[in-house]
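Summary of the model geometry
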Amino acid sequence: GVFRSLPALEKTVERCLVLLRPRASRLVVQLHCKYGITRTHNLAFQECERLQAVFDTQRCASSLCAPARVLAEAVVHFPQTLAEVTLGAGPGGRISLRSYVEDEADLGKAMVTELWLAPDEFQAVAVVPDSRITFCLKEFRGILTFAEASNLPLTIHYDAPGRPAIFTLEDPLMEAHLVLATLLDPESSSQPPAANGISHAPAPSDDFADDLESYMVAMETGSYGEDWGAPPSPTFPLRTPRPIESDPQEEEEEEEGAVPGTPPHKKFRSLFFGSVMTSGGPSPAPSQEVLAEDSDGEC
Amino acid sequence: MWCELCQGNFFDEFQMEGVAADHNEIYLELTPENLSRALKTAQSAKAVKIKLTNKHCPCLKVSVELPSLSSSSRIVTHDIPVRVIPRRLWNDFREPSVPDFDVSIYLPALKTMKSVVERMKNLSHSIVIEANLNGEMNLKIETDLVSVTTHFKNLGNPPWASEDGCQSSAQDRDLESMVEARIDIKKLQQLLAGQQVNPTKALCNIISKRIVHFILLHEDVSLQYFIPALA
């Protein structure tokens, strides 16, 4: 709601300050506008249980990269109400997208749409022949919209069915990872793979000084504090509807796992943005203590 | 609704084998929304192929070849499930015969009719269509608060060749006397809203208080709508 109307903001706002007040559980967005007007929004937040999942795009057997526009033009042929889509590697290096029909019973009733893309429509294709994964189309459309708006190519890393698929976007200022669960091969009778590397982050210590200036300095230099003040909140709500866009840290999450109260299969949780700015600027304020290094070690 | 298209006008290639030599027809039942969605994909297509297939179940396979920047085209296929109607039920789907109508009259400009009906739709659920053999037609609505009538004149009446005198009821009629039927206004509005292009000929036949039968002729397509009268 704060950033709803981009054209209006571009006209009136000169500077925007985003500040976290963990002790008060508030995210403060301050818009410094023309004519000396300052609009302050205090957004309440609730901290969620943190799952520290590990995923490694290097471990994915297959990957492909295409301009967002090509993929967006492809998904337009599928009905808006379709829940899942299957991406497959076919003969001749071609890539297919096919609507996924959940029940056998629906096969006789539902319309099935299939689209084939030639390998030269992609910037890079390195896929296991005949490999195939099924994931949520709605979320895929979401990241495609963002990718198209940013005019960035989208890379898809995937492995065997059941293992997560990772969609990544990169530009000099930002790196985005979307991790989606994929459906298990129906022929396989094994349980979903145990969540690899899921662990709970230790309760963070509370030495973040509620200090506007030092926080601003920290933001500008690209080093980030790990301190979240408030104790871990109760179980994840079932849906995280909005990506946490201003989150400077790179936290990964995985869908399934043995954790009780795990969110339902096939729902995506969060979109992660990491700042890849080098921390070669002025040294961070002494109150900042980095508890977890950026996993990509960008520096 | 009944619509007839001539194969040659729409398809470059057409191959079909019906059930038997003397019954060279195939009757399929499908959800129109599926076909409409599939054809939407084809709006900027290089080529479209429609095939009847039977893998897990009978399907109409619509293959669309789309232009793409790469060397080979993009191919999208839509498998639309259909139900093949057995021969014993074919009689249910025969072209309805033109009923023994009381009055037949050419319609006014569809655009005009559409805007009149759209406004009337806000006031009433039903509309009365009345016409006579003197080229006059009225569209009437009546509610507790208001009654509105739109008059059309000089529309002309189509000359139906009398066969075995079956149209005699129409010919005996007094030219000025009106024949009417009350129908659901939404159905009429949908019919009119669906017309994208002005038809070459548009007329309606009214059977007093029973049915209004609309016939719209485009160059290579004929559309017939039957709207039953409300009680």
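Residues numbered from 1 in each chain as written. Chains lettered and ligands numbered in written order. Predicted model: local features only at pLDDT ≥ 70, side-chain atom pairs only at ≥ 80, totals over all residues. Heavy atoms only, no water.

Counting secondary structure elements, chain B contains five helices and 14 strands. Of the roughly 14,100 Å² of accessible surface on chain B, a fraction of 49% belongs to carbon and sulfur atoms. (Helix = DSSP H or I, 4+ residues; strand = E, 2+ residues; numbered from the N terminus. Areas by Shrake-Rupley, 256 points an atom, 1.4 Å probe, with all protein chains shown as cover.)

Further remarks concern the sheet that holds strand β7 (residues 103–106) of chain B. Residues and elements named next belong to chain B. Pairing is antiparallel across the open sheet formed by five strands, whose spatial order is β1-β14-β13-β12-β7. Pairing within the sheet leaves two strands with one partner each, and these edge strands are β1 (2–5) and β7. Averaged over all adjacent pairs, the angle separating strand axes in this sheet is 15°, with direction ignored. Sheet topology places strand β12 (residues 201–207) next to strand β13 (residues 211–217); seven bridges connect them, and they run antiparallel. From the neighbouring strand, Ile-207 faces β13, where its bridge partner is Ile-211. The sheet contacts of helix α5 (residues 185–193) involve β13 and β14 (221–228), and relative to β14 the element is tilted by about 170°. (Pairing = 2+ DSSP bridges. Axes fitted to C-alpha atoms, helices over the stretch in contact; angles between N-to-C directions. Contact = heavy atoms within 4.5 Å.)

Turning next to the pattern of salt bridges. A side chain of one charge can pair with a side chain of the opposite charge if their charged atoms are brought near each other. One pass over the structure, following the stated rule, counts twelve salt bridges over all chains. Its salt-bridge partner being B:Glu65, residue B:Lys46 comes within 3.8 Å of it at the nearest N-O pair. Of the two residues, B:Lys46 is situated in the loop between α2 (32–41) and β3 (47–54) and B:Glu65 in strand β4 (residues 58–66); the sequence distance between them amounts to 19 residues. Through salt bridges that share partners, A:Arg69, A:Glu73, A:Glu121 and B:Arg74 make up one connected network. (Salt bridge = Lys/Arg side-chain N within 4 Å of Asp/Glu carboxyl O.)

All names here are of chain B. Across chain B, pLDDT averages 87, with 94% of residues at or above 70. Within the model, the stretch residues 164–168 combines pLDDT values under 50 with five contacts to residues more than four positions away or in other chains. Interface predicted TM-score (ipTM) for the complex: 0.71; the corresponding pTM is 0.63. (pLDDT = per-residue confidence, 0-100.)

Attention now goes to the interface of chain A and chain B. Of the residues lining the interface, 19 residues belong to chain A; the matching set on chain B comes to 20 residues. Counting each side, the surface lost to burial between chain A and chain B is near 1,600 Å², with a carbon and sulfur contribution of 52%. Among the residues chain A hides against chain B, the three largest losses belong to A:His77, A:Met111 and A:Glu121. Together they make up 34% of the total. At the junction of chain A with chain B, the criterion picks out two salt bridges. Salt-bridge contacts for A:Glu73 lead to B:Arg74; the nearest nitrogen and oxygen are separated by 3.0 Å. On the surface where chain A and chain B come into contact, there are seven residue pairs in polar contact (both at pLDDT 80 or more). Residue assignment for the side of chain A that touches chain B shows that the elements contributing at least two residues are α2 (68–75) and β8 (112–117) of chain A. (Buried area = accessible area lost by both parts, 1.4 Å probe. Polar contact = N/O pair within 3.5 Å; in protein donor to acceptor, adjacent residues only side chain to side chain.)

All right, on to α2(A) then. By the criterion of burial, α2(A) is predominantly enclosed, with six of the eight residues buried. Taken as a whole, α2(A) has its buried residues at A:Ala68, A:Val70, A:Leu71, A:Ala72, A:Ala74 and A:Val75. Buried residues along α2(A) sit in contact with β5 (62–67), β7 (95–99), β8, α3 (137–150) and β11 (153–158) of chain A together with β5 (74–81) of chain B. (Buried < 20%, exposed > 50% of the residue type's maximum accessible area, 1.4 Å probe, protein only.)

We now examine the environment of B:Thr200. Residue and element names in this part refer to chain B. Along the chain, Thr-200 falls in the loop between α5 and β12. On the accessibility criterion, Thr-200 (61% relative accessible area) is exposed. Along the backbone, Thr-200 and Glu-219 are 19 residues apart, and their C-alpha atoms lie at a distance of 6.7 Å.

Moving on, we get to the side chain of A:Thr168. With respect to the helices and strands, the residue A:Thr168 is situated in strand β12 (residues 165–171). Every residue in contact with A:Thr168, bar those within four places of it in the chain, is listed here: A:Pro153, A:Leu154, A:Thr155, A:His157, A:Ala176 and A:His177.

All names here are of chain B. Here helix α3 (residues 110–121) crosses α5 at 145°, and the two axes come no closer than 9 Å. Here α3 and α5 pass one another in a crossing that is left-handed. For the pair α3 and α5, contact is made by Leu-110, Met-113, Lys-114, Val-117, Glu-118, Met-120 and Lys-121 and by Ile-185, Lys-186, Leu-188, Gln-189, Leu-192 and Ala-193, respectively. Considered class by class, the residues forming the contact of α3 with α5 number eight nonpolar, one polar and four charged. (Left-handed = near helix turned anticlockwise from the far one by under 90°. Nonpolar A, V, L, I, M, F, W, Y, C, P; charged D, E, K, R; others polar.)

On to a nonpolar patch on the surface. Residue and element names in this part refer to chain B. Taken together, the side chains of Leu-5, Phe-10, Phe-11, Phe-14, Met-16, Ile-26, Leu-39, Val-48, Ile-50, Leu-52 and Val-84 define a hydrophobic patch exposed on the protein surface, amounting to about 930 Å² of accessible area. Here the element with the most residues in the nonpolar patch is β3; it accounts for three residues. Within the secondary structure layout, Ile-26 lies in the loop between α1 (7–10) and β2 (28–29). With relative accessibility at 35%, the residue Ile-26 sits in the partly exposed group. (Patch = residues over 30% accessible without salt bridge, like charges linked within 9 Å, V, L, I, M, F, W, Y side chains within 5 Å.)

The next point concerns the sheet that holds strand β11 (residues 179–184) of chain B. Residues and elements named next belong to chain B. The four strands lie next to each other as β10-β9-β8-β11, forming an open sheet whose pairing is antiparallel. In the strand order of this sheet, the two ends are held by β10 (147–152) and β11, each with one partner. The average undirected angle you get between the axes of adjacent strands in this sheet is 20°. In the sheet, strand β8 (residues 126–131) pairs with β11 via six bridges, with the strands oriented antiparallel. Counted as the bridge partner of Ile-129 is Ala-181 from β11. Packed on one face of the sheet, α3 meets β8, β9 (137–142) and β10 and runs near 10° to β9. Along the sheet face, α5 touches β8, β9 and β11 and points at about 90° away from the line of β11.

Residues and elements named next belong to chain B. Two strands pair when backbone bridges link them, and β3 and β4 are joined in this way by eight bridges, in the antiparallel orientation. Looking at β4, one finds that Asn-54 is bridged to Pro-58. Two successive antiparallel strands, β3 and β4, enclose a turn made up of three residues.

So, on to unusual backbone geometry. For A:Asn151, which is not glycine, the phi dihedral falls at a positive 55°. Relative to the helices and strands, A:Asn151 is located in the loop between α3 and β11. Notably, B:Lys209 is not glycine yet its phi reads approximately 60°, a positive angle. Here B:Lys209 shows up in the loop between β12 and β13.

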